[in-house]
Amino acid sequence: MERGIAATSMDDIAKAAGYSKATLYVYFENKEEIVGILVLDSMKKLYHYIASALEQQQTTKEQYNFICRGLVQYQEEFPFYFKMVLDKINIDFESHDYLPEEKETYQIGEGINEKIKEFLISGIDKSDLRSDLKIMPTIFVFWGMLSGLIQLTENKEEYIKKAMGLSKVQFLEHGFHMLYCSITDSGE
């Protein structure tokens, strides 16, 4: 986390873990495998946050609010993972070598997208959300907007407080509300 993946060596990882480098190589082939496992673990955690949010609430608005809160909680508990989830992931599993974790990470990501798709379709069916939403582009915009807002707020918390007089929570609630209004018919 301190220096980034590229600048971190297997020696650094071994020292931080309290093991010898030789012991690490017993369990992992290389640093890329460790990163792959971390990314996979982060995607599993994120899937759990999203699935739990959608299972706990009945109304579209409550589900949306819980997704937003879940993402904020995820970012606060796992800031390194949060950033990793936003990085590029492998989607080509036919033309080159890849780690098994990469394919599973992709599949879990697709599972997350499926959960958001179910959320959107349910909201459309209940007439809570606009019927003209294009599902897959909306899912991608949804992720970009929510994750970008959360990361921006994390990076600019002091500025938001000073320039706008808003707390982190107030600013996020405002942004989440704006995004929700963009997908509803009522402009709630």
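Conventions we followed
- Residues numbered from 1 in each chain as written.
- Predicted model: local features only at pLDDT ≥ 70, side-chain atom pairs only at ≥ 80, totals over all residues.
- Heavy atoms only, no water.
- Salt bridge = Lys/Arg side-chain N within 4 Å of Asp/Glu carboxyl O.
- Helix = DSSP H or I, 4+ residues; strand = E, 2+ residues; numbered from the N terminus.
- Buried < 20%, exposed > 50% of the residue type's maximum accessible area, 1.4 Å probe, protein only.
- Contact = heavy atoms within 4.5 Å.
- Axes fitted to C-alpha atoms, helices over the stretch in contact; angles between N-to-C directions.
- Parallel < 35°, antiparallel > 145°, perpendicular 65-115°, else oblique.
- Left-handed = near helix turned anticlockwise from the far one by under 90°.
- Nonpolar A, V, L, I, M, F, W, Y, C, P; charged D, E, K, R; others polar.
- Phe/Tyr/Trp six-rings, centres within 6.5 Å; stacked < 30°, edge-to-face > 60°.
- Lys NZ or Arg CZ within 6 Å of the ring centre and 35° of its normal.
- Core = buried A, V, L, I, M, F, W, Y, C linked by side-chain atoms within 4.5 Å.
- pLDDT = per-residue confidence, 0-100.

## Examining the pattern of salt bridges
The final tally for this structure, using the stated rule, is seven salt bridges. Notably, a salt bridge pairs D11 with K21, separated by 3.6 Å at the nearest N-O pair. Of the two residues, D11 sits in helix α1 (residues 10-17) while K21 sits in helix α2 (residues 21-27), which places them 10 residues apart along the sequence. Classification of D11 as partly exposed rests on a relative accessible area of 45%. For D41, the salt bridge identified is with K45, shortest N-O distance 3.0 Å. One end of the pair, D41, and the other, K45, are both in helix α3 (residues 31-56), four residues apart, so they sit about a helical turn from each other.

## Things to note about the side chain of Q63
For Q63, the location among the structural elements is in helix α4 (residues 60-77). Given the relative accessible area of 9%, Q63 is considered buried. With near-sequence residues (within four places) excluded, Q63 lies in contact with A53, L54, Q57, Q58 and F119.

## Concerning the packing of α4 against helix α9 (residues 168-183)
One way to put it is that α4 packs onto α9 with a least axis distance of 11 Å and a crossing angle of 135°. Taken together, the axes of α4 and α9 are oblique relative to one another. Of the two elements, α4 crosses α9, and the hand of that crossing is right-handed. Note on element contacts: α9 touches α4 through K168, L172, F176, H177, L179 and Y180, opposite T60, K61, Y64, C68, V72, Q75 and E76. Here the residues of the contact of α4 with α9 are counted per class, giving seven nonpolar, three polar and three charged.

## Observations concerning the packing of aromatic side chains
Per the counting criterion, the structure on display carries six aromatic pairs. One aromatic cluster is present, formed by Y64, F119, F142, W143 and Y180 through successive ring pairs. When the ring centre of F66 is taken as reference, the NZ or CZ atom of R69 above it lies at 5.0 Å.

## Some remarks on the nonpolar core
Counting residues in each nonpolar core, the largest one holds 40 residues, and the members touching the most others are I50, Y64, I67, L120, L146 and F176. Elements with a minimum of two residues in this core: α3, α4, α5 (79-85), α6 (100-125), α7 (135-155) and α9. With residues near it in sequence (within four places) discarded, Y64 still touches F119, F142, L146, F176, L179 and Y180.

## Structural notes on unusual backbone geometry
Unlike most non-glycine residues, S127 shows phi in positive territory, near 65°. Along the chain, S127 turns up in the loop between α6 and α7.

## Looking at the environment of K83
Position of K83 relative to the elements: it lies in helix α5. Measuring from C-alpha to C-alpha, the distance between K83 and V26 comes to 28 Å, with 57 residues separating the pair along the chain.

## Description of the packing of α3 against α4
For the pair α3 and α4, the least separation of the axes is 8 Å and the interaxial angle reads 150°. By the criterion of interaxial angle, the relationship of α3 to α4 is roughly antiparallel. Between α3 and α4 lies a crossing whose hand is right-handed. Residues S42, M43, K45, L46, Y49, I50, A53, L54 and Q56 of α3 touch α4, and the partners they reach there are Q63, F66, I67, G70, L71, Q73, Y74 and E77.

## Here we look at the confidence of the model for the chain
Of the residues in the chain, 91% have a pLDDT of 70 or more, and the chain-wide mean is 86. Across the chain, helix α8 (residues 157-164) holds the top mean pLDDT of 96, while α5 sits lowest at 76.

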